[in-house]
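The chain contents come next:
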Amino acid sequence: MDEDIKYFEIKLEKLCNIVLQEMGYETTLRIHDKLKNERKIPITFNLTERNTKYLANMIANSSENVEAEFFRSLLSTYANLHPSLRERVIKKNLYLELEIAIKENLLIKISHDNKIIDVNILAFKRDSGTGYNCIEATCNKERYIFKIRNIEILKANI
C-alpha cells in the first residue's frame, strides 16, 4: 500500500476509502489467516460519509462478522493484487472510459501532465519496471506511451 501511496501521490486515508468503496462488496481472500505470524501493522483512517453509510451492509454481505476482520481481509486482498490490478481499483472510472475508447476506436481528448491532447488509444501496456499500466496511443500519427496515473479524460470525441 505504501507503494501505491507514493506512486499515485495520495494519502493512506484516501487509498483506504477508495479500496472500501470499490472492493467492499467483492469476495475477499483469507490471506491474512495465512499471515498470522507476520507483524500486523495497524491502519487507522476515517471513513468518508458514503462509506460510513454502506459499511454495515458490506460487512453483512461479507464472510467476516467483525469489522476489524472485514478491513483486514479487504486490505490484505487489495495489497496482494498485482500493481496493474490495484491501479484498476484506484482509477476504475478512468479505466472504464479508456476501455470504451479502445473498443469503439474513439478519439479522446486527455490531459496528460497538464497538456491537453487528442489521442487514439491502441492498447493497454504494462510498465515492466513498476508493474503499473500505461496506454499506447497515437497523436498526430506518432505513437506514444502514457502512464495512466497522469491521465485525465476530458472528452470522448464520438
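Remember, it's a predicted structure, so these values are computed and weren't measured experimentally. (Residues numbered from 1 in each chain as written. Predicted model: local features only at pLDDT ≥ 70, side-chain atom pairs only at ≥ 80, totals over all residues. Heavy atoms only, no water.)

Right, let's talk about the confidence of the model for the chain for a bit. Scored by pLDDT, the chain has a mean of 89; 91% of the residues are at 70 or more. Considering each helix and strand of the chain separately, the mean pLDDT is smallest for helix H3 (residues 31-34), with a value of 54, and largest for helix H6 (residues 83-90), with 96. (pLDDT = per-residue confidence, 0-100. Helix = DSSP H or I, 4+ residues; strand = E, 2+ residues; numbered from the N terminus.)

Our next topic: unusual backbone geometry. With a phi close to 65°, Asn114 is a non-glycine residue in the positive phi region. Among the structural elements, Asn114 can be located in the loop between strand E1 (107-112) and strand E2 (115-126). Using a relative accessible area of 76% as the deciding quantity, one classes Asn114 as exposed. The phi angle at Asn140 is positive, at roughly 55°, despite the residue not being glycine. (Buried < 20%, exposed > 50% of the residue type's maximum accessible area, 1.4 Å probe, protein only.)

In an α-helix there are 3.6 residues to a turn, and that puts residues three or four apart on one side. Looking at helix H4 (residues 49-60), one finds that the buried residues are Asn51, Leu55, Met58 and Ile59. The buried side chains of H4 occupy one side of the element, clustering within an arc of 85° when seen end-on. Counted as exposed and oriented over 90 degrees from the buried face of H4: Glu49, Lys53, Ala56 and Ala60. (Arc of directions from axis to C-beta.)

Counted according to the given criterion, the structure contains seven aromatic pairs. Here Phe45 and Phe71 contribute two aromatic rings whose centre-to-centre distance is 5.7 Å and whose plane-to-plane angle is 90°, an arrangement assigned as edge-to-face. You can see Phe45 sitting in the loop between H3 and H4 and its partner Phe71 sitting in helix H5 (residues 67-79), a full 26 residues away along the chain. Owing to a relative accessible area of 13%, Phe71 belongs among the buried residues under this scheme. Of the aromatic side chains, those joined through ring pairs into one cluster are Tyr7, Phe8 and Tyr132. Lying over the aromatic face of Tyr7, Arg149 brings its terminal NZ or CZ to 4.2 Å of the ring centre. (Phe/Tyr/Trp six-rings, centres within 6.5 Å; stacked < 30°, edge-to-face > 60°. Lys NZ or Arg CZ within 6 Å of the ring centre and 35° of its normal.)

Let us now look at the pairing of strand E4 (residues 142-147). As defined by bridge partners, strand E3 (residues 133-139) adjoins E4 across six bridges and the pair is classed as antiparallel. Of the residues in E4, the one forming a bridge with Thr138 is Arg143. The hairpin turn running from E3 into E4, its antiparallel successor, is two residues long, and Asn140 in that turn takes a positive phi close to 55°. (Pairing = 2+ DSSP bridges.)

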